[in-house]
Amino acid sequence: MTLTFKPKAPIWCAGCGHFGVHTALTHALKAAHVPAHEALIIAGIGCSGSIQNNLNAYGYHALHGRVLPTATGAALANPNLLVIGAGGDGDGYAIGGGHLLHSFKRNPSLVYIVMNNGVYGLTKGQNSPTAGAALTNGEAPLDAVQLGLSVSGSTFIARGFVGWWDQLATLIGEGIQHARAHCGFAFIEAISPCVTYNDTYPEWDGKLADISRDEAYDPTDRVQAMSRVMRLSEQGKLAVGKILHTTGSTLDQRHNVSAQRAPALQDVLPANNVSTYEAIARDHLV
Ligand SMILES: Cc1ncc(C[n+]2csc(CCOP(=O)(O)OP(=O)(O)O)c2C)c(N)n1
Ligand code: SF4
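Below is a summary of the structure that appears in this document. (Residues numbered from 1 in each chain as written. Chains lettered and ligands numbered in written order. Predicted model: local features only at pLDDT ≥ 70, side-chain atom pairs only at ≥ 80, totals over all residues. Heavy atoms only, no water.)

Another point: the overall build of the chain. Within the chain, the secondary structure is distributed over 11 helices and 10 strands. Here the C-alpha radius of gyration of the chain, 20 Å, is about what a compact globule of 286 residues would show, namely 19 Å. In terms of its C-alpha atoms, the chain occupies a principal-axis envelope of roughly 70 × 40 × 40 Å. Counting over 286 residues, the chain shows a buried share of 47%. If you take every contact in the chain between residues at least 6 apart in sequence, the share linking residues at least 24 apart comes to 75%. If the 19 positive side-chain charges of the chain are averaged to one point and the 21 negative ones to another, these points end up 3 Å apart. (Helix = DSSP H or I, 4+ residues; strand = E, 2+ residues; numbered from the N terminus. Rg over C-alpha atoms; globule rule 2.2 N^0.38 Å. Buried < 20%, exposed > 50% of the residue type's maximum accessible area, 1.4 Å probe, protein only. Contact = heavy atoms within 4.5 Å. Lys, Arg positive; Asp, Glu negative; His and termini not counted. Charge placed at Lys NZ, Arg CZ, Asp CG, Glu CD.)

So, in structure tokens, the structure goes:
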């Protein structure tokens, strides 16, 4: 019997940036020829998190802020799956901020897309960690790209803008390749304005600096990446493009994860394991 899943249409406000992330991710999955049954979307809580209802893939809504531990567990349990975490900047940088830091450090092979709109959209517009100075009485916004660059274990960091959705699709596609090749954690921040509570569309064209246009820029050089991103930030600009793409030890390698040993791929049918279960009962149950 073939089961066909029909993704629902998004329910976001007209003009919401998250539509651009949906388009870019859909294109990237198609271009990478990822079959629906080989992808798992683990989403955060927020307007952004509902993206998992709108994609042709397995989906799971994690607890608020817990996308990354859930996604890491899924990726370790079944290394044949492409695991994609997706959520908002409130979900990922506030309540989930500690997990982000440790994911840069541990480098599990999965993709994480953060839809950054500078507010908590679903709960009606409170400030998030990336809220700009105008909303926060001058408080500097958190830059997750700088944070990721400062953690020496990080291997893939990119930022795109939904207004430039084709570049965003390319960046997500490269992140998918990175995770699928078991090269580690692919972090992609998508600038995705909330038209209802924080419409920043008019600001971005003048504020974004696309570093991929600079042929001399080398994303394998962490020091150059950090100094470029910080210099742009001092000039009031935000770096966009593939910012870091390097190699490093991954969580999967360190734990010797393979399809042969993966917990989710073991045959646990009682009928096929009678002698093993009897041995466990004999040795461990009194
Ligand atoms: C433990 C917990 N705390 C608070 C909430 C309320 N809550 C739901 S979504 C959300 C934030 C949403 O903002 P963001 O992650 O930036 O996504 P957006 O809606 O902007 O896409 C909050 C605080 C919750 N669901 N669970
Ligand atoms: S409230 Fe903001 S983030 Fe949520 S759907 Fe509407 S525009 Fe998008």
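Residues Val67, Leu68, Ala71, Thr72, Ala74 and Ala75 constitute the buried set of helix 2 (residues 67-77). Across the axial projection of helix 2, the buried residues extend over an arc of 165 degrees, all falling on one side. Looking at the packing, one finds that the buried side of helix 2 touches strand 1 (39-43), strand 3 (82-88), helix 3 (89-95), helix 4 (97-106), strand 4 (111-116) and helix 10 (251-254). (Arc of directions from axis to C-beta.)

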